[in-house]
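Remarks on the overall topology
So the chains spell out like this:
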Amino acid sequence: MLSNNHKNYEYQVGGSLSIDSPSYVEREADSLLFDALVRGDFCYVFNSRQMGKSSLRVRVRHRLRQAGYNSVSIDITSIGSERTSPEQWYKGVANEIFYGFNLQETLHFNHWWKQQYGLTPVQKLSLFIENVLLTHIVGEKIFIFIDEIDSILSLDFPMDDFFALIRSCYNQRADNPQYNRLAFALFGVSTPSDLIQDRNRTPFNTGQAIELNGFHLEECHSLVQGMVDKYDRPGRFLEEILFWTNGQPFLTQKLCQIVVQHVEVEEKCNCPPALLSDSQYSIKDFIEHIVQSHIIQNWKSQDNPEHLRTIHTRLLRNEHKATRLLGMYQHILQDGVLAETNSDTQVELLLSGLVVKRNGLLKVSNRIYKFVFDQMWVQDQLEELRPYSEALTAWMNSGAQDESRLLRGQALADAQAWSLGRSLTNQDYQFLAASQALDKQLVEERLALESAKNIEQKRREDALRLIMEGTAAKIGDEFFYSCVRCLAEILDVEYALIAVLDDKNHTHAMTLAYSGDDELGNCWEYEIAGTPCEQVIQRLEICHYPHSLQTLFPNDPYLIPLNAHSYLGIPILDSQGDYLGHLAVMDTKPSKENISDEIVILKIFAARAGAELTRKKTEAALAKHLEQVLLLEHITQKIRQSLDTTQILQTTANQIGKVFQANRCLIYTYLPNPTAQLPWAAEYCETGFTSLLDWSRSIIDIPFVRESLANDEAISLPDVHTNSLMEPLPDGVNITGLKSMIAIRTSCHGEPNGLILIQQCDRFRHWTQEEIELSESVALRVGIALAQAKLIEKGKEQMLQLDRQNHQLHQEISERKWIQDFVDGQNKVLNLIAKGAALLETLNLLAKMIEDLSDQSLCSILLLDNFTGKLHHGAAPSLPEAYNQAIDGLKIGPMVGSCGTAAYSKQTVTITDIATDPRCQSVKDVVLQYGLRACWSTPIIINDEVVATFAMYYREPRAPGSRDIDLVAKATDLVKVAIERYRALENLACI
């Protein structure tokens with residue numbers, strides 16, 4: 001019965017069958033697809049997996065090639081996935097076509113694609129088809145096969161344009177006959193409606209669907225050949241195989257392979273084949289035995305290559321659809337068939353391959369599927385998918401009392417939909433009925449609550465509309481002030497603020513507008529560390545702390561004074577998502593947990609504030625650029641108009657310092673002979689930073705200075721402490737406190753004549769190319785000014801000599817006038833004392849006189865109450881009244897500013913810088929806020945007892961001059977006389 005022929009015949013289970021595969025079964029679809037493509041039709045083959053789509057594509061391409069036609073096949077899965085951009089995807093399709101048709105010699109593909117810059121990806125592909133493909137392949141029909149088309153569903157961008165392009169290729173045939181040569185064929189596991197949503201642009205309503213059915217017995221003569229040498233009646237074996245597979249290609253090939261391998265195993269063992277008589281009954285039982293033992297029993301472990309598990313996975317991959325799919329399949333199992341409706345569920349079930357459509361009815365595809373995916377399997381899956389199993393169990397365990405376990409809302413609706421058409425247990429019906437009753441009760445309660453909420457929502461919407469109208473036309477500070485006031489009002493909170501990070505110190509924030517406690521003012525600075533605002537800035541997201549704010553942020557110094565208990569903050573971002581500022585509201589009471597309405601309002605204002613901050617930022621950048629342009633113009637004009645080089649250079653130093661926002665700018669002149677020197681010419685120095693005028697004595701020996709003087713290009717030092725050009729440092733040059741610097745020489749006709757140093761001390765700074773180029777432009781103009789200085793130096797010296805003579809004469813005249821003014825003032829004071837005028841009136845006149853005669857000082861006379869040890873206001877005609885009130889009642893002590901310390905120590909106390917002197921530590925916050933930077937105080941002592949202090953304040957750090965010292969000596973004598981006179985009059989009044 002068995003022979004040695006057909007030894008090389010093999011069945012193929014899974015994958016595409018090659019051109020010469022002997023087990024390929026030619027079906028009606030082969031002719032339909034070939035003929036339709038030759039006619040130029042658009043074709044698509046959509047079916048479930050492992051139905052032979054890819055093998056059909058390979059075979060039809062081979063027939064077209066034999067007929068002299070040209071074609072290319074594109075596997076969409078090889079082009080990209082969800083992370084692929086539209087540009088990459090369309091270029092990938094064009095690339096596959098380009099190389100598939102061997103167009104390499106016609107043009108350079110990447111170069112051509114880049115030349116289409118400015119077009120959309122689909123436009124580029126359209127031009128490629130018309131101008132490259134149809135142009136360089138002349139006269140031939142062109143076929144483009146696209147496999148795995150359903151993989152486009154995983155892309156992150158819509159694909160309607162791609163299918164519209166295919167449609168346009170067919171529509172253009174009337175205008176461009178070249179398109180008659182082009183045809184497309186699509187293959188995949190999908191439906192037209194899944195692939196394109198726009199019905200007006202779809203190519204599928206004009207294309208031809210190629211149905212791919214299972215094998216019919218009369219088509220399977222190629223499969224019989226594999227069993228001819230194995231069995232006497234191979235046709236009967238194949239007939240029984242098809243009885244189980246209904247022609248499903250994968251199962252049919254697999255079962256044929258198993259049957260052949262079964263007899264081959266027996267041949268190797270020299271065993272007589274079992275169940276191989278010619279009896280029809282024996283063949284039937286043999287095939288059934290093979291199906292049961294090799295496919296159905298333990299099917300999950302035997303399913304290799306995977307087929308049944310693919311169906312199982314596809315049915316259950318979407319939990320929301322799985323129940324409906326299983327329910328519909330269960331109905332088909334029970335009734336045998338189901339009328340076709342083309343519903344989404346039916347389409348998905350067809351694409352799984354589990355059912356097929358015949359004559360308008362759906363039925364199970366084959367007997368193997370019926371045995372594997374039987375009623376028990378369906379019940380098991382439904383049990384796992386039961387949407388309320390956990391809730392039902394918990395409810396029953398509570399004795400049907402725990403209402404929190406009952407279903408409501410959408411969960412109840414889903415469960416009710418799931419239950420339709422199913423026979424449920426009494427527990428199911430009881431659970432669903434109780435859930436429905438509770439849901440109805442909750443709906444009624446919710447409707448009542450929503451009615452009240454709607455009224456409140458309407459009020460908020462009206463208020464928000466009015467607020468938006470009120471701020472829409474405002475910009476700048478006016479907008480920010482209006483914004484925080486409106487926010488505080490609409491959200492009914494105590495405080496609202498808009499703030500940005502300090503440009504120079506990112507550990508601090510500055511409020512642009514604030515609504516709340518008036519004591520803080522509209523704009524104030526605060527340290528962000530340990531504050532809720534820090535969380536907003538770091539996380540760049542909305543932060544909500546509904547209660548316990550002071551506990552959560554114990555180091556925030558403002559929360560306790562403000563009595564703040566809740567906080568809601570949002571970052572203000574630019575279009576790139578970068579931080580611009582933050583918007584926050586706080587309240588003295590806890591806030592509610594659900595703040596969705598508040599967040600919507602906050603987002604609206606944050607977006608508007610972001611636009612305004614961006615506008616201000618752009619405006620500031622333009623202003624800075626204009627300032628730089630004006631700087632160059634100003635320097636140029638000074639050079640042209642002024643003969644005073646010192647003034648020109650000082651103005652230049654000031655302008656450079658301000659435009660560059662640097663802490664210090666120094667300009668030196670360069671004298672090469674007889675010994676190289678860099679005399680100081682001008683310096684700009686921000687308040688609080690040390691002058692470096694002494695540097696001119698020794699910086700000539702620093703390497704970076706020598707390097708700067710050697711060429712016209714600026715040297716940028718982002719970190720002076722790590723740059724080798726800063727070493728070694730000569731004696732007398734201390735760079736402590738200096739962080740970054742630009743150095744650029746000034747020159748004329750290629751010869752150095754000066755040096756400009758732009759310095760940053762408060763932070764490390766990376767100098768931009770724009771700033772470096774600006775410094776070089778400035779240096780060019782300064783070089784011209786220094787060259788002019790040499791030309792006018794001689795004339796200037798003569799003018800200075802004359803000025804000195806005039807100044808000396810003026811000083812003599814001024815000195816005589818000053819002495820006369822003092823004598824006149826002293827007489828007025830003594831006259832008041834003699835008349836017995838009030839002490840405070842006398843002291844006020846005396847203080848005003850000293851201020852007029854002194855060097856820009858502000859005088860203060862404080863009277864000491866020796867019983868309490870406190871100083872009280874006596875006279876201070878020019879000091880702010882708020883400051884006088886603040887220090888009234890100041891307790892004297894060894895470290896209590898100048899006056900408190902002077903009264904305590906009975907010695908004159910001079911404080912040249914209130915900000916840094918440790919004796920002012922306890923009072924400097926009060927003093928500095930009124931712009932007072934230096935003070936010296938003299939105690940007034942009568943009979944070894946301090947009775948008062950006389951102080952001079954200055955608005956900049958400094959020591960008193962000799963004239964001021966002389967004045968105070970005279971003034972304290974007059975104060976003594978006034979107080980002694982006052983005490984004498986008081987004693988007489990008591991007698």
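That block above? That's the structure.
Below: a short report on this structure. (Residues numbered from 1 in each chain as written. Predicted model: local features only at pLDDT ≥ 70, side-chain atom pairs only at ≥ 80, totals over all residues. Heavy atoms only, no water.)

Moving on, we get to the sheet that holds strand 10 (residues 508-515). Within the open sheet, the 6 strands sit side by side as 11-10-9-14-13-12. Their pairing is antiparallel. Edge strands, defined here as strands with exactly one partner in the open sheet, are strand 11 (525-527) and strand 12 (543-545). Strand-to-strand twist in this sheet, taken as the mean axis angle between neighbours without regard to direction, amounts to 25°. In this structure, strand 9 (residues 495-501) lies alongside strand 10, joined through 6 bridges in antiparallel fashion. Bridge pairing in strand 10 places A499 opposite T511. (Pairing = 2+ DSSP bridges. Helix = DSSP H or I, 4+ residues; strand = E, 2+ residues; numbered from the N terminus. Axes fitted to C-alpha atoms, helices over the stretch in contact; angles between N-to-C directions.)

Another aspect to go through is empty space enclosed by the protein. Counted by the stated rule, this structure contains 3 cavities of 30 Å³ or more. In this structure, the largest cavity spans a volume of roughly 100 Å³. L497, W524, Y526, T531, P532, C533, D556, Y558, L559, L562, Y567 and M586 are the residues that line the largest cavity. Mapped onto the lining of the largest cavity, the elements with two or more residues apiece are helix 22 (532-539) and helix 24 (559-562). Partitioned by chemical class, the residues of the lining of the largest cavity number 10 nonpolar, 1 polar and 1 charged. Here the second largest cavity is characterised by a volume of approximately 60 Å³. Secondary-structure elements contributing two or more residues to the lining of the second largest cavity are helix 29 (839-853) and helix 33 (962-990). Broken down by element, the lining of the second largest cavity gets its largest block of residues, 4 residues, from helix 33. When the residues that make up the lining of the second largest cavity are grouped by side-chain class, the tally is 7 nonpolar, 2 polar and 1 charged. (1 Å grid on protein atoms, 1.4 Å probe; cavity = no way out; pocket = protein on both sides within 12 Å on 5 of 7 lines; lining within 4 Å. Points joined across faces, edges and corners; volume = space filled by probe spheres on them. Nonpolar A, V, L, I, M, F, W, Y, C, P; charged D, E, K, R; others polar.)

What follows is about a positive patch on the surface. Where like charges cluster on the molecular surface, the positive patch consists of K284, K363, R367 and K370. Positionally, K284 belongs in helix 11 (residues 280-296). The class of K284 is partly exposed, set by a relative accessible area of 40%. (Patch = residues over 30% accessible without salt bridge, like charges linked within 9 Å, V, L, I, M, F, W, Y side chains within 5 Å. Areas by Shrake-Rupley, 256 points an atom, 1.4 Å probe, with all protein chains shown as cover. Salt bridge = Lys/Arg side-chain N within 4 Å of Asp/Glu carboxyl O. Lys, Arg positive; Asp, Glu negative; His and termini not counted. Charge placed at Lys NZ, Arg CZ, Asp CG, Glu CD. Buried < 20%, exposed > 50% of the residue type's maximum accessible area, 1.4 Å probe, protein only.)

Attention now goes to the packing of aromatic side chains. Using the criterion set out here, one finds 38 aromatic pairs in the structure. With 5.7 Å between their ring centres and 55° between their planes, F46 and F204 make a pair best called tilted. Placement of the pair is F46 in strand 1 (residues 43-46) and F204 in the loop between helix 7 (192-195) and strand 5 (208-209), with a sequence separation of 158 residues. For the pair F46 and F204, one class covers both residues: buried. (Phe/Tyr/Trp six-rings, centres within 6.5 Å; stacked < 30°, edge-to-face > 60°.)

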